[in-house]
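Below, each chain spelled out in residue letters.
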Amino acid sequence: MAPFSPASSDVLVIGGGPSGTALSAELAARGLDVQQLAPHPPRPFPATYGAWLGDLPAWARGCAEQVWTDVRAYTGPQPTSLGQPYALLDNAALLRTLRGRADWTWVEGAALHAERRGAGWIVYGVGGEHWQTRLVVDASGHGALVSPVRFPGGAALQTAYGLVARFRRPPVTPGSMVWMDYRTPAPELKRGEATFLYAMHLGGDRYFVEETSLIARPAPTRAELRRRLLARLSAQGTPPHATESEEWVAFPMNAQAPAPGGVLAYGAAAGRVHPVSGFQVAGALSDAPGVAAAIADALCHGGDAAAAGWAALWSPERRAAREVHLLGVGALLGLERAELPHFFGTFFGLPREQWARFLHPDTDAGTLARTMLRVFAQTGGRVRLPLARAALAQPAASGRALAAAAGLKI
Ligand SMILES: Cc1cc2nc3c(=O)[nH]c(=O)nc-3n(C[C@H](O)[C@H](O)[C@H](O)COP(=O)(O)OP(=O)(O)OC[C@H]3O[C@@H](n4cnc5c(N)ncnc54)[C@H](O)[C@@H]3O)c2cc1C
């Protein structure tokens, strides 16, 4: 057996994404000895991260590469103005800001598994290395290493295919951000899963355009979404003329609140992806100080740091909220594809503070359930029936959601 790594740490954070980096920064800022393990050196996070500006913690708003105030959704021929600013994150600035917060050690390597050893842990690496630590945090993303996250009925995925490209004619209104465009200018878009265009004007003739399937099981493939995106752009008379980069998105949306284990999970590995929007990054940045404080306090006073971290991340209120979100997922999965635009037409027709609270990373079960009841009351009959069916399929959870909506604790 190879010897232990001579350096042991208070916390070993597995993963070099936004979640692991945000938590490492907050742990190190509290004086803990932190090692962050990733198979790559520190480098700007590779995905295109968008977030509602107001959902980001105040410091992270300074890491926005661009902010749009003209934010639209098309659930029919006319746009709905969503009326709240949306940000594209500058991932290099985000990484720089997090790394500047405190000092900790970045270790290049990949974890294979973690084993309890006395009061602490040994993490084994793929290259035969060992790391000794008091607490392991798994922030290794959607394909998490140790994560206890489960997906009821199997994982339902968000998939999307996007391009950053130059256009001779603008594919969306210049200066705008299109959060959701369910229009179907090409016949191909009327077949198969209902997908929508998510797009940002990046300045000049540059745009980010992405064909997105919000949530499906099974989900459309990369080839299918690429075909649909190009058909949409071509039918609009706005094909890309020079492509700079491509993006493929695929991750599960329907995580149950996980049972706490000896390894703390964080970020996507902890099932914190919002089950209706797919957003996670703003929440991971906002949660890091509270989770780090709970861990630091437990390590300092001889408490159970993993349990403290789990309690801070997945409070009983958040567990109740996730149950309501999963009722929403059941409803979305049960809708006929053609009804999705109607559903979102009703959703975005609610007063802005109601739909915005629903999409916020940290909204209580009662508020979520009341919003769902409003959508149910205001939408058309063809949408209402599958929503009712989804609720009846989960009678106990639906009962708790109704009680939460009425402000009762059960
Ligand atoms: C292309 C794409 C676009 C997305 N866009 C958005 C968006 O606009 N807004 C939003 O809020 N969310 C978005 N998401 C959803 C989600 O928030 C992201 O997936 C986000 O990257 C999750 O952050 P994370 O740090 O938890 O995990 P990741 O970003 O997946 O990071 C995981 C890290 O762990 C490392 N790792 C993996 N295995 C090991 C191992 N065995 N040992 C050591 N390290 C390991 C990886 O190399 C990586 O550094 C997007 C997802 C994808 C895939």
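Calculation rules
Going along each chain's sequence as written, the residues are numbered from 1 onward. Under the rules for a predicted model, residues below a pLDDT of 70 receive no local features and side-chain atom pairs below 80 are neither given nor counted, while totals for whole chains, interfaces and linings still include all residues. Side-chain measures here rest on the full set of heavy atoms in the structure, leaving out hydrogens and waters. Throughout this description, the term nonpolar core refers to a set of buried Ala, Val, Leu, Ile, Met, Phe, Trp, Tyr and Cys residues connected via side-chain atoms within 4.5 Å. Summary of the burial criterion: residues with accessible area below 20% of their type's maximum are buried, those above 50% are exposed, and those between are partly exposed, where the area comes from a 1.4 Å probe applied to protein chains only. By definition, any uninterrupted DSSP run of H or I lasting at least four residues is a helix, any uninterrupted run of E lasting at least two residues is a strand, and each is numbered from the N terminus. Near residues are defined by distance, with any heavy atom within 4 Å of the molecule or strand qualifying the residue. Any N or O atom pair separated by 3.5 Å or less is treated as a polar contact, with the protein-specific requirement of one donor-capable and one acceptor-capable atom, and with residues adjacent in sequence counted only for side-chain atom pairs. Each accessible area is a Shrake-Rupley estimate made with a 1.4 Å probe; only the visible protein chains count as cover when residues are assessed. Each residue receives one of three labels: charged for Asp, Glu, Lys and Arg, nonpolar for Ala, Val, Leu, Ile, Met, Phe, Trp, Tyr, Cys and Pro, and polar for the others, Gly being one of them. Either an automatic procedure or a domain database provided the assignment from which the domain bounds are taken. The contact criterion used throughout is that any non-hydrogen atoms of two residues lie within 4.5 Å. Accessible surface is computed with a 1.4 Å probe, and the buried area is the amount of it that two parts give up when combined, taken over both parts together. The pLDDT score gives, residue by residue, the confidence of the prediction method on a 0 to 100 scale. Any two strands with at least two DSSP bridges between them are considered paired. Axis lines are fitted through C-alpha atoms, for helices just across the contact stretch, and the angle between N-to-C directions can take any value from 0 to 180 degrees.

Chemist: Hey, could you go over the nonpolar core for me, with residue numbers and the actual values?
Modeler: In this structure, W179, M200, L332, F344 and F348 are the most contacted members of the largest nonpolar core, which totals 57 residues. If one sorts the elements of this core by residue count, helix α7 (residues 316-334) sits on top with 7 residues. Counting residues in hydrophobic clusters, the runner-up holds 50 residues, among them V13, F45, A60 and A87.

Chemist: Please give an account of the site of the ligand that cites residues and values.
Modeler: Every one of the 32 residues lining the ligand counts as a neighbour, but S19, H40, Y49, G50 and H142 are closest to it. In the environment of the ligand, an oxygen atom lies 2.6 Å from a nitrogen or oxygen atom belonging to the side chain of H142. At 2.8 Å from an oxygen atom of the ligand is found a main-chain nitrogen or oxygen belonging to Q280. Protein burial of the ligand: of its 980 Å² of free accessible surface, 83% is covered by the chains. Breaking the shell around the ligand down by element, the ones donating at least two residues are α1 (18-29), β2 (34-38) and β16 (240-252). Ranked by residues supplied to the shell around the ligand, first place goes to β16 with 4 residues. Of the residues belonging to the shell around the ligand, the class tally is 17 nonpolar, 14 polar and 1 charged.

Chemist: Could you give an account of the domain arrangement of the protein, with specific residues and numbers?
Modeler: Examined at the domain level, the protein breaks down into domain 1 (8-63 + 89-150 + 256-314), domain 2 (157-252) and domain 3 (317-405). A separation of 26 Å is found between the C-alpha centroids of domain 2 and domain 3. Tallying the contact residues gives 14 residues for domain 2 and 9 residues for domain 3. When domain 2 packs against domain 3, the two sides together hide about 890 Å² of surface, and 77% of this comes from carbon and sulfur.

Chemist: Got a sec to walk through the confidence of the model for the protein? Specific residues and values, please.
Modeler: For the protein, per-residue confidence averages 95 on the pLDDT scale, and 98% of positions sit at 70 or higher. Predicted confidence is poor over residues 1-6, with pLDDT under 50, and the contacts of this stretch with residues over four places away or in other chains come to 13 contacts.

Chemist: Tell me what's going on with the side chain of Q158, and back it up with residues and numbers.
Modeler: Among the structural elements, Q158 can be located in strand β12 (residues 157-167). Within the local environment of Q158, its side chain forms a polar contact with the backbone oxygen of L214, the two atoms lying 3.2 Å apart. Polar contacts involving the side chain of Q158 include one to the main-chain carbonyl oxygen of S277, which spans 3.4 Å. Residues in contact with Q158, not counting those within four places in the same chain, are T212, S213, L214, V249, A250, F251, M253, S277 and G278.

Chemist: Summarise the pairing of strand β5 (residues 71-74); cite the residues concerned and give the values.
Modeler: By the alternation rule, side chains of β5 split into V71 and A73 and R72 and Y74, which are all buried. Bridge analysis of β5 against strand β13 (residues 177-181) gives 4 bridges, and the strand direction is parallel. By the bridge assignment, A73 is partnered in β13 with M180. Summarising the sheet, β5 and strand β6 (residues 79-81) pair through 3 bridges and their orientation is antiparallel. Bridge pairing links R72 to S81 in β6.

Chemist: Break down the environment of A28 for me, citing the residues and quoting the values.
Modeler: Turning to its location among the elements, A28 is positioned in helix α1. Among the residues examined, A28 registers a relative accessible area of 10% and is labelled buried. Each C-alpha atom, one on A28 and one on A92, is 20 Å from the other, the two residues being 64 residues apart in sequence. Non-local contacts of A28, meaning those with residues more than four positions away in its chain, are made with V34, A102, D103 and W104.

Chemist: An account of helix α3 (residues 91-99) is needed here, citing residue identities and associated values.
Modeler: All of the buried residues in α3 are N91, A93, L94, L95 and L98. Residues of α3 that are buried make contact with α1, α2 (58-61), β7 (86-89) and α5 (281-300). One side-chain oxygen of the residue at the start of α3 lies 3.1 Å from the amide nitrogen of A92, identifying that residue as D90.

Chemist: Pulling in residues and values, what's your account of the sheet that holds β7?
Modeler: With antiparallel pairing, 3 strands are arranged side by side in an open sheet as β3-β7-β4. Each end of this open sheet is capped by a strand with a single partner; those strands are β3 (50-52) and β4 (64-68). Across this sheet, the average inter-strand angle for adjacent strands is 25°, counted without regard to direction.

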